[in-house]
Amino acid sequence: MLYSEKVLDHFSNPRNVGEIENADGVGEIGNAKCGDIMKMYLKIDDDKITDVKFKTFGCGAAVATSSMATELIKGKSIDDALKLTNQAVVEALDGLPAVKIHCSVLAEQAVRAALSDYYTKQGIDPVPIVGEIKVPEEE
Ligand code: FES
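Attention here is on the structure that accompanies the text.

Definitions and limits used
- Residues numbered from 1 in each chain as written.
- Predicted model: local features only at pLDDT ≥ 70, side-chain atom pairs only at ≥ 80, totals over all residues.
- Heavy atoms only, no water.
- Patch = residues over 30% accessible without salt bridge, like charges linked within 9 Å, V, L, I, M, F, W, Y side chains within 5 Å.
- Areas by Shrake-Rupley, 256 points an atom, 1.4 Å probe, with all protein chains shown as cover.
- Salt bridge = Lys/Arg side-chain N within 4 Å of Asp/Glu carboxyl O.
- Lys, Arg positive; Asp, Glu negative; His and termini not counted.
- Charge placed at Lys NZ, Arg CZ, Asp CG, Glu CD.
- Helix = DSSP H or I, 4+ residues; strand = E, 2+ residues; numbered from the N terminus.
- Buried < 20%, exposed > 50% of the residue type's maximum accessible area, 1.4 Å probe, protein only.
- Core = buried A, V, L, I, M, F, W, Y, C linked by side-chain atoms within 4.5 Å.
- Contact = heavy atoms within 4.5 Å.
- Axes fitted to C-alpha atoms, helices over the stretch in contact; angles between N-to-C directions.
- Parallel < 35°, antiparallel > 145°, perpendicular 65-115°, else oblique.
- Left-handed = near helix turned anticlockwise from the far one by under 90°.
- Polar contact = N/O pair within 3.5 Å; in protein donor to acceptor, adjacent residues only side chain to side chain.
- Pairing = 2+ DSSP bridges.

A closer look at a negative patch on the surface
Here comes step 1: Together, D45, D46, D47 and D79 line one region of the surface with negative charge.
Here comes step 2: Inspection of the secondary structure puts D46 in the loop between β2 (37-45) and β3 (48-57).
Here comes step 3: For D46, a relative accessible area of 80% corresponds to the exposed category.

Right, dumping it as structure tokens:
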């Protein structure tokens, strides 16, 4: 089987799909090569991610990785969310085929983009905290 049970599960039954009205941070990331787009919404109270929702227009792995990314950061502190790597998302899904690793990077960067937006909205320069948002073009 190319995809793990967990990937198939998160693809067919994605968690936290939707939008948050008046979100504290919204991030949208697209990969120019495959054309997939992810949008991530965060509700943040006292430096804690109290709610997160996503919308992904993309491949099955993009849906599964965004779903898992939301599960991994929900209820966590901003600091923990900033530490979320695409490898952690891949591990939590019991792996992804090599050609689908870029989908997990999209999920990682969508979270970071939403955190960037959160800081920008507070009048804080996000770059020293969140870093530059990078979208991988490869594979
Ligand atoms: Fe591009 Fe999956 S093929 S995000």
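What to know about a nonpolar patch on the surface
Here comes step 1: There is a patch of nonpolar side chains on the surface, built from M1, L2 and L8 and spanning about 370 Å² of accessible area.
Here comes step 2: Within the fold, L8 resides in helix α1 (residues 5-12).
Here comes step 3: Taking relative accessible area as the criterion, L8 reaches 31% and is therefore assigned partly exposed.

A look at the nonpolar core
Here comes step 1: Membership of the largest hydrophobic core comes to 36 residues, with the highest contact counts inside it found for L42, I73 and L115.
Here comes step 2: Residue assignment for this core shows that the elements contributing at least two residues are β2, β3, α2 (60-73), α3 (78-82), α4 (86-92) and α5 (101-121).
Here comes step 3: With ten residues, α5 is the largest single contributor of residues to this core.
Here comes step 4: In this view, L42 contacts I20, A23, D24, G25, I49, D51, V52, I73, V111, A114 and L115; residues no more than four positions away in its chain are not counted.

Focus on the packing of α2 against α5
Here comes step 1: Between α2 and α5, whose axes approach to 8 Å, the crossing angle comes to 40°. Viewed along their axes, α2 and α5 adopt a mutual orientation that is oblique. The handedness of the crossing between α2 and α5 comes out as right-handed. Residue-level inspection shows A61, A62, T65, S66, A69 and I73 of α2 in contact with α5, the latter providing C103, S104, A107 and V111.

A look at the side chain of N16
Here comes step 1: Along the chain, the position of N16 falls in the loop between α1 and β1 (25-30).
Here comes step 2: Side chain to side chain, N16 and T70 meet in a polar contact 2.9 Å long.
Here comes step 3: A polar atom in the side chain of N16 sits 3.4 Å from the side chain of E71.
Here comes step 4: Ignoring sequence-local partners within four residues, the contact set of N16 consists of V52, K53, F54, T70, E71 and K74.

Remarks on the sheet that holds β3
Here comes step 1: Here three strands make up an open sheet; going across it, the order is β1-β2-β3 and the pairing antiparallel. The open sheet terminates on both sides in strands that have one partner only, identified here as β1 and β3. Sheet twist, expressed as the mean angle between neighbouring strand axes with direction ignored, is 15°.
Here comes step 2: Examined bridge by bridge, β1 and β2 share six bridges and lie antiparallel to one another. Following the sheet pairing, I29 is matched in β2 by M38.
Here comes step 3: Together, β2 and β3 form the strand contacts of α2, whose direction differs from that of β3 by roughly 175°.

Looking at the side chain of N31
Here comes step 1: Following the sequence through the fold, N31 ends up in the loop between β1 and β2.
Here comes step 2: Reaching out from N31, the side chain makes a polar contact with the backbone nitrogen of K33 at a distance of 2.8 Å.

Nothing here speaks to function; it is all geometry.
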